[in-house]
Amino acid sequence: MLQETRLHRIRALLSTLNQVSTERIIKELGISRETARRDIIELEAQGMARRVHGGLVALDAAPEPPLTVRSASMAKEKRAIARAAVQLLQPGQTLFIDAGSTTTMLAEELRSMSGLTIITNSLNAALKLSAAEEHETLNNEVILLGGSMRAGAQETRGELTVSEIYRYRADLALLSPVGVDARQGASSFHPHEAAIARAMTEQAGGLILLADHTKIGISSRINYASIQQIGTLISDQGAAALPALAALQQKLPQVLLV
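Each value, and the rule that gives it
Residues numbered from 1 in each chain as written. Predicted model: local features only at pLDDT ≥ 70, side-chain atom pairs only at ≥ 80, totals over all residues. Heavy atoms only, no water. Helix = DSSP H or I, 4+ residues; strand = E, 2+ residues; numbered from the N terminus. Expected span 1.5 Å × (residues − 1). Buried < 20%, exposed > 50% of the residue type's maximum accessible area, 1.4 Å probe, protein only. Contact = heavy atoms within 4.5 Å. Axes fitted to C-alpha atoms, helices over the stretch in contact; angles between N-to-C directions. Parallel < 35°, antiparallel > 145°, perpendicular 65-115°, else oblique. Left-handed = near helix turned anticlockwise from the far one by under 90°. Nonpolar A, V, L, I, M, F, W, Y, C, P; charged D, E, K, R; others polar. Pairing = 2+ DSSP bridges. Salt bridge = Lys/Arg side-chain N within 4 Å of Asp/Glu carboxyl O. Core = buried A, V, L, I, M, F, W, Y, C linked by side-chain atoms within 4.5 Å.

Caption draft 1: Structural detail: helix H1 (residues 3-17). When the terminal C-alpha atoms of H1 are compared, their 21 Å separation across 15 residues agrees well with the 21 Å that a helix rising 1.5 Å per residue should span. Within H1, the full set of buried residues consists of Thr5, Arg6, Leu7, Arg9, Ile10, Ala12, Leu13, Leu14 and Ser15. Where H1 is buried, its residues meet strand E1 (19-21), helix H2 (22-29), helix H3 (33-45), strand E2 (49-52) and strand E3 (55-58). Positioned one or two residues after H1, Asn18 has a phi angle of 70 degrees, which is positive.

Caption draft 2: Layout of the packing of H1 against H2. Packing of H1 against H2 leaves a shortest axis separation of 11 Å and a crossing angle of 125 degrees. Between H1 and H2, the angle falls in the class oblique. The handedness of the crossing between H1 and H2 is right-handed. In this structure, H1 contributes Arg6, Arg9, Ile10, Leu13 and Leu17 to the contact, and H2 contributes Arg24, Ile25, Glu28 and Leu29. Tallied by class, the residues present in the contact of H1 with H2 amount to five nonpolar, no polar and four charged.

Caption draft 3: The arrangement of the sheet that holds strand E10 (residues 207-210) in detail. Pairing is parallel across the open sheet formed by seven strands, whose spatial order is E6-E5-E4-E7-E10-E12-E13. Only two strands of the sheet have a single neighbouring strand rather than two, namely strand E6 (141-144) and strand E13 (254-257). In this sheet, neighbouring strand axes are inclined to one another by 20 degrees on average, regardless of whether the strands run parallel or antiparallel. Of the strand pairs in this sheet, E10 and strand E12 (residues 232-235) are connected by three bridges, and their pairing is parallel.

Caption draft 4: Looking closely at the pattern of salt bridges. The full count for this structure, using the stated rule, is 13 salt bridges. In this structure, Glu28 and Arg24 form a salt bridge, with 2.8 Å as the shortest nitrogen-oxygen distance. Here Glu28 and its partner Arg24 are both found in helix H2, four residues apart, which amounts to about one turn of the helix. Taking relative accessible area as the criterion, Arg24 reaches 29% and is therefore assigned partly exposed. Where salt bridges share partners, they join Arg79, Arg83, Glu108, Glu109 and Lys128 into one cluster.

Caption draft 5: Quick look at the environment of Arg11. Along the chain, the position of Arg11 falls in helix H1. Along the primary structure Arg11 and Gln228 are separated by 217 residues, whereas in three dimensions their C-alpha atoms are 27 Å apart. Apart from residues lying up to four places away in sequence, Arg11 is in contact with Leu43, Gln46 and Met48.

Caption draft 6: Representation of the nonpolar core in the model. Counting residues in hydrophobic clusters, the biggest one holds 33 residues, and the most contacted among them are Leu209, Ile216 and Leu233. Those elements that provide at least two residues to this core are helix H8 (159-165), strand E7 (172-175), helix H9 (191-202), E10, strand E11 (222-225) and helix H10 (243-251). In this structure Ile216 touches Arg9, Val180, Ala211, Leu233, Ser235, Ala239, Leu242, Ala244, Leu245 and Leu248, once residues within four positions along its chain are discounted.

Scope: geometric values only; no functional claims are made or implied.
Right, here's the structure in full:
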């Protein structure tokens, strides 16, 4: 596992727990004590955390980076995950898609299909799906959920968005969590994102999670789907050696690595 990936996972743990022990880092990442020590030193050098006896303490729990930053991170892996998700779909299905870098890539891949109804709160996903000349007919029906907008946001959110979700029933919800853990299920950092993902999960016949390996074994601030609600997890080969993936494979009906 690359150090950049390890540091991302440790920061995710810190954002949830505020304090994480060296033993927890070793167990969650499946690394040696010496590697954990080097990563702890590096995070302190970056000003991301403070070393204490037995582990790390977060200086300031931070949310996910902006979408523009996330889109550039793990792009190859996210593209492979999106393509694998398309292989699980059938024409005629109705889908929920939430806002995120991986689901934006999924929207691009869905343009190769036809006969779908796609319901999303992601402006980027809706634009990708509807990219065509005015005289052309779209392959799929695209429904953009209404709601509030905030500065810099590329999604709709709030009570109106959630209430609109409950007007629909979908065959599948394809969501990209901040973290997925065998005990806690799927989680998000922001309350408004979790509320949307929870509503989509409840209104769908099945749940497919799209999560690159940096999200495996991570539990963020707000859970929106229990482990029992998750039907399929799609991740990349970087997750193969993670102890947290083995735990997920024991509990989930289907885990795909691409």
